[in-house]
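Topology and contacts: notes
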Amino acid sequence: MIIQSKANKKRWLFPSLIVLMRVLFGVGWLLAGVTKISEKLWFKEPGIFLNEYLVSSLGKSNVPLFYKVFIQNVALQYVMILNYVIPIVQIILGVLIIIGLLTIPSILICLFMHINFILSGNMNLMSLVLYTSAFTLIIFRTNIYHLSLDRYFHLDILFTAKISVLSKKEKILSNT
């Protein structure tokens with residue numbers, strides 16, 4: 001009885017930790033969006049903070065040349081649109097990840113946004129933690145669906161399909 005109890009505990013411990021990581025990752029993205037709206041005044045003073053941020057990125061030596069071209073020709077041209085889209089998308093992604101709905105696509109979008117943040121010359125401990133957490137969640141994607149709406153709506157099977165590689169011998173045997 002005690003051995004069976006320990007086996008059940010081990011079977012649920014790791015998935016529970018991955019779910020906790022998923023929820024904390026979602027909270028991080030939710031708070032990033034809320035902070036931009038409440039503390040950094042992205043909506044009260046639209047474009048000011050983001051424009052200054054992008055202009056300062058152009059002067060940084062650790063920003064790749066191709067990304068400086070992107071900032072000059074795209075980001076600065078559409079700074080007002082990005083000013084509203086970025087925090088709203090961060091809030092939506094945070095909520096989706098917390099509740100576990102469309103989890104893998106949400107994490108991939110977070111990674112895309114985070115790569116843009118890193119390319120703009122900002123790398124700190126929190127960036128490293130979020131970046132590592134995103135990859136950890138993707139690697140252990142079969143465990144992120146515990147306590148999620150993806151599992152409830154059977155969306156988890158879309159992103160955890162197992163690909164089987166048959167050997168030549170197995171293919172020949174299956175064809176006969």
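Predicted model only: the values in this text are computed from it and were never measured.

1. Details of the packing of helix 2 (residues 48-58) against helix 3 (residues 65-75)
For the pair helix 2 and helix 3, the least separation of the axes is 9 Å and the interaxial angle reads 145°. Between helix 2 and helix 3 lies a crossing whose hand is left-handed. Where helix 2 abuts helix 3, its residues Leu-54, Ser-57 and Leu-58 lie against Lys-68, Ile-71, Gln-72 and Ala-75.

2. A word on the packing of helix 4 (residues 79-99) against helix 5 (residues 103-119)
Where helix 4 meets helix 5, the closest approach of the two axes is 10 Å, and the angle between their N-to-C directions is 145°. The two elements helix 4 and helix 5 meet at a crossing, and its hand is left-handed. Contacts between helix 4 and helix 5 pair Ile-86, Val-89, Gln-90, Leu-93, Leu-96 and Ile-97 from the former with Ser-106, Ile-107, Ile-109, Cys-110 and Met-113 from the latter. For the contact of helix 4 with helix 5, the residue count by class is nine nonpolar, two polar and no charged.

3. Details of helix 5
The end-to-end C-alpha distance of helix 5 is 24 Å, a good match for the 24 Å that 17 residues give at a rise of 1.5 Å each. Along helix 5, the positions that sit buried rather than exposed are Thr-103, Ile-104, Ser-106, Ile-107, Cys-110, Leu-111, Met-113, His-114 and Asn-116. Of the residues flanking the end of helix 5, it is Gly-121, one or two places downstream, whose phi is positive at about 100°.

4. Regarding the packing of aromatic side chains
The full count for this structure, using the stated rule, is nine aromatic pairs. Aromatic side chains Phe-43 and Tyr-84 sit 4.9 Å apart centroid to centroid with 50° between the ring planes, which places their arrangement in the tilted category. Here Tyr-84 lies in helix 4 and Phe-43 lies in the loop between helix 1 (2-38) and helix 2, a separation of 41 residues in the sequence. Looking at Phe-43, the relative accessible area reads 30%, which means it is partly exposed. Looking at Tyr-84, the relative accessible area reads 33%, which means it is partly exposed. Every member of this aromatic cluster is reached through a ring pair, and the members are Phe-66, Tyr-67 and Phe-70.

5. Remarks on the side chain of Arg-22
Among the structural elements, Arg-22 can be located in helix 1. Of the buried charged residues, Arg-22 lacks a salt bridge, with Asp-150 as the closest side chain of opposite charge at 7.0 Å. Of the polar contacts made by the side chain of Arg-22, one reaches the backbone oxygen of Ile-98; its length is 3.1 Å. Leave out the neighbours within four places in its chain, and Arg-22 touches Ile-97, Ile-98, Ile-99, Gly-100, Thr-103, Leu-137, Ile-144, His-146, Leu-147 and Ser-148.

6. A short note on the confidence of the model for the protein chain
Residues with a pLDDT of 70 or more make up 85% of the protein chain, whose mean pLDDT is 89. The element-level mean pLDDT for the protein chain is lowest in helix 9 (residues 168-175), coming to 60, with helix 4 highest at 98.

7. Here we look at the pattern of salt bridges
If you walk through the whole model with that rule in mind, you get one salt bridge. When the shortest N-O distance is used, the salt bridge between Arg-151 and Asp-156 registers 3.5 Å. The class for Arg-151 is partly exposed, based on a relative accessible area of 34%.

8. Let's talk about the nonpolar core
Core analysis: the biggest nonpolar cluster contains 16 residues, and Phe-25, Trp-29, Ile-107, Cys-110, Leu-137 and Ile-144 have the highest contact counts within it. When contributions to this core are tallied by element, the ones reaching two or more residues are helix 1, helix 4, helix 5 and helix 6 (125-139). No other element matches the five residues that helix 5 contributes to this core. Discounting residues that sit within four places of it in the chain, Ile-144 has contacts with Ile-18, Val-19, Arg-22, Thr-103, Ile-104, Ile-107 and Leu-137. Core analysis: the next-biggest nonpolar cluster, separate from the first, contains nine residues, Trp-42, Tyr-53, Leu-54 and Val-63 among them.

Cut-off values and rules
Residue indices begin from 1 for each chain and proceed along its sequence in written order. Only residues with pLDDT of at least 70 get local features here, since the model is predicted, and only at 80 or more are side-chain atom pairs given and counted; chain-wide, interface and lining totals rely on the full set of residues. Calculation of side-chain values draws on the structure's entire complement of heavy atoms; hydrogens and water are dropped beforehand. Axis definition: a line fitted to C-alpha atoms, over the contacting stretch in the case of helices. Angles run 0 to 180 degrees between N-to-C directions. Helical segments are the DSSP runs of H or I of at least four residues, strand segments are the runs of E of at least two, and each set is numbered from the N terminus. Handedness of each helix crossing follows the sense of rotation of the near helix against the far helix: counterclockwise by less than a right angle gives left-handed, clockwise gives right-handed. We call two residues in contact whenever any of their non-hydrogen atoms come within 4.5 Å of each other. In the scheme used here, Gly and all other residues not listed as nonpolar or charged are polar, with Ala, Val, Leu, Ile, Met, Phe, Trp, Tyr, Cys and Pro taken as nonpolar and Asp, Glu, Lys and Arg as charged. Given a helix with a known number of residues, its expected span is that number minus one, times 1.5 Å. For each residue, the accessible area found with a 1.4 Å probe, counting protein chains only, is set against the maximum for its type, and the residue is called buried under 20%, exposed over 50%, and partly exposed in between. Between the rings of Phe, Tyr and Trp (Trp by its six-membered ring), a pair exists once the centres lie within 6.5 Å; its type follows the angle of the planes, with under 30 degrees stacked, over 60 edge-to-face, and the other angles tilted. Neither His nor the chain termini are counted; the positive set is Lys and Arg, and the negative set is Asp and Glu. Counted as salt bridges are all cases of a side-chain nitrogen of Lys or Arg within 4 Å of a carboxyl oxygen of Asp or Glu. As used in this structure description, the phrase polar contact means that two N or O atoms lie within 3.5 Å; if the pair is within protein, one of them must be able to donate a hydrogen and the other to accept it, and residues adjacent in sequence are counted only when both atoms belong to side chains. Confidence per residue, as judged by the predictor, is encoded in pLDDT with a range of 0 to 100. Residue types Ala, Val, Leu, Ile, Met, Phe, Trp, Tyr and Cys, when buried and joined through side-chain atoms within 4.5 Å, form a set referred to as a nonpolar core.

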